[in-house]
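Notes for the structure review
Spelled out, the chains give:
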Amino acid sequence: MASVGPVPMPVVVILICLLLAMGIARLWPARQPMPPRPSGAGQVLDMLLVGLLCGRVSFIAANFAFYRDAPWSMLQIADGGYHVVVVLAAALGWGVWRLRRHPSLRVPVLCSALAGALVWGVGSYGLSQWQANTLSLPAVQVVDLQGQSLDLDRFRGKPVVLNLWASWCGPCRREMPVLARAQQAHPELQFIFLNQGEGQDEVQQFLAAEQLALRDVLLDEPASASTALGVRAYPSTLFFDAQGRLQDLHLGELTQAGLEHKLRRLR
C-alpha cells in the first residue's frame, strides 16, 4: 500500500509520531503542583513547525537555482524539499530556548520530542524496507502510442521514474514540463509516462496541444498499475531502482527542485 487514501504513507508515519509525542507530553505526570504553565503538547507541535520551516528554508537556499525561474514553487511545501538534519537541529534549538523559563517542562517535552523522532526514524526506515521488498514495478500489460502491447516489467535494468497521470488532472498538466526536462537531462534514468484511464486519441491530442516531446508515453486504460501499486490520487510519481524495487514515491505535483532531490537519491 503506497498511501492511505490520498495521503502518502510517509506523511501518515509523521502524523502518527507527532500524535505520539504530543500525547506523551500531555500525559507526563507532574511531580508536584505547579503554577499555570504552557501546554507540553503545544510545545512539541511548535518544535515541529519551527523545524519544518527552517528545514524548508535551508533546502530552498541550497537549491535556489531550481526555484529562480519559478519562485512560486517555493510555496509547494509538499514537494518533499526539506533538510532533515536542519529540521531536527532547529526543533531541538527552539525547544531548549522556549523552555528556558519553564524548567518543569524540559524533561517531558524534550523526552516526548525524542520519542517521536526515534519512532519516526525507525518507522520511516521500516516503511522504506517494506516498500522495497513488497512493492515492485508491476508486471501489467500496457499499450504504447502506436497501439502495440507490452509488459511494464520489461523496463527493469536501470532506475525507473514512473509517472501515473491523466490529461484531465490539473497538477499532472502543470508538472509535465518539469518531468520532460528531467527526462532530457537524465538519460541514465528510464522515465515512463503511464496514462491512467484514457485512450490513444485523448493522449495524443493532449501531447500535441501542450507541445510535449516525451519518450515512453504509455496507456493503461484499466488503470491496472494504480490498482497494483495501491495508488488512489494523481499525479503520482514512483521511483524504482534497477531491480524494480520501490525506493520512493510522491503523490501530487512535483517541483523541479523536489524532483532533482529525489533523483539524486535514486541514482
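Presented here is a report on the structure given in the accompanying data block. (Residues numbered from 1 in each chain as written. Predicted model: local features only at pLDDT ≥ 70, side-chain atom pairs only at ≥ 80, totals over all residues. Heavy atoms only, no water.)

**A word on the state of the cysteines**
- Counted under the stated rule, the structure contains one disulfide.
- Between Cys 169 and Cys 172 runs a disulfide, and the two sulfur atoms are separated by 2.5 Å. Judged by the sign of its S-S torsion, about 80 degrees, the cystine formed by Cys 169 and Cys 172 is right-handed.
- Here Cys 172 falls in the buried class, since its relative accessible area comes to 1%. (Disulfide = S-S within 2.5 Å. Buried < 20%, exposed > 50% of the residue type's maximum accessible area, 1.4 Å probe, protein only.)

**Remarks on the side chain of Asp 248**
- Its place among the elements puts Asp 248 in strand S9 (residues 246–251).
- Judged by relative accessible area, which is 16%, Asp 248 ranks as buried.
- Among the polar contacts made by the side chain of Asp 248, one reaches the side chain of Lys 262 at a distance of 3.2 Å.
- Those residues in contact with Asp 248 that lie beyond four places of it in its chain are Thr 237, Leu 238, Phe 239, Lys 262 and Arg 265. (Helix = DSSP H or I, 4+ residues; strand = E, 2+ residues; numbered from the N terminus. Polar contact = N/O pair within 3.5 Å; in protein donor to acceptor, adjacent residues only side chain to side chain. Contact = heavy atoms within 4.5 Å.)

**Some thoughts on the packing of aromatic side chains**
- Applying the stated criterion across every chain, the model contains four aromatic pairs.
- Note on Phe 59 and Tyr 67: the rings are 6.5 Å apart at their centroids and 80 degrees apart in plane angle, and the pair reads as edge-to-face. Each of the two residues, Phe 59 as well as Tyr 67, counts as buried.
- With 5.2 Å between their ring centres and 40 degrees between their planes, Trp 165 and Phe 206 make a pair best called tilted. You can see Trp 165 sitting in strand S5 (residues 160–165) and its partner Phe 206 sitting in helix H7 (residues 200–210), a full 41 residues away along the chain. (Phe/Tyr/Trp six-rings, centres within 6.5 Å; stacked < 30°, edge-to-face > 60°.)

**Examining the pattern of salt bridges**
- Tallied over the full model, the rule gives five salt bridges.
- One salt bridge in this structure joins Arg 156 and Asp 153, with 2.5 Å as the shortest N-O distance.
- Looking at Arg 156, the relative accessible area reads 35%, which means it is partly exposed.
- Glu 210 is the salt-bridge partner of Arg 173, the closest N and O atoms lying 3.0 Å from each other. Placement of Arg 173 in helix H6 (residues 170–185) and of Glu 210 in helix H7 is noted, with a sequence separation of 37 residues between them.
- Overall, the relative accessible area of 35% leaves Arg 173 in the partly exposed class.
- When its relative accessible area of 35% is taken as the criterion, Glu 210 is described as partly exposed. (Salt bridge = Lys/Arg side-chain N within 4 Å of Asp/Glu carboxyl O.)

**Side note on the sheet that holds strand S3 (residues 141–144)**
- Read from one edge of the open sheet, seven strands run S4-S3-S7-S6-S5-S8-S9, paired in mixed fashion. Single-partner strands in this sheet number two, and they are strand S4 (149–151) and S9. For this sheet, the mean angle separating the axes of adjacent strands, direction not counted, is 30 degrees.
- Strand direction decides the pairing type here: strand S8 (residues 236–240) and S9, joined by five bridges, are antiparallel. Within S9, the residue paired with Leu 238 across the bridge is Leu 249. (Pairing = 2+ DSSP bridges. Axes fitted to C-alpha atoms, helices over the stretch in contact; angles between N-to-C directions.)

Functional significance is not addressed by these values, which are geometric in nature.
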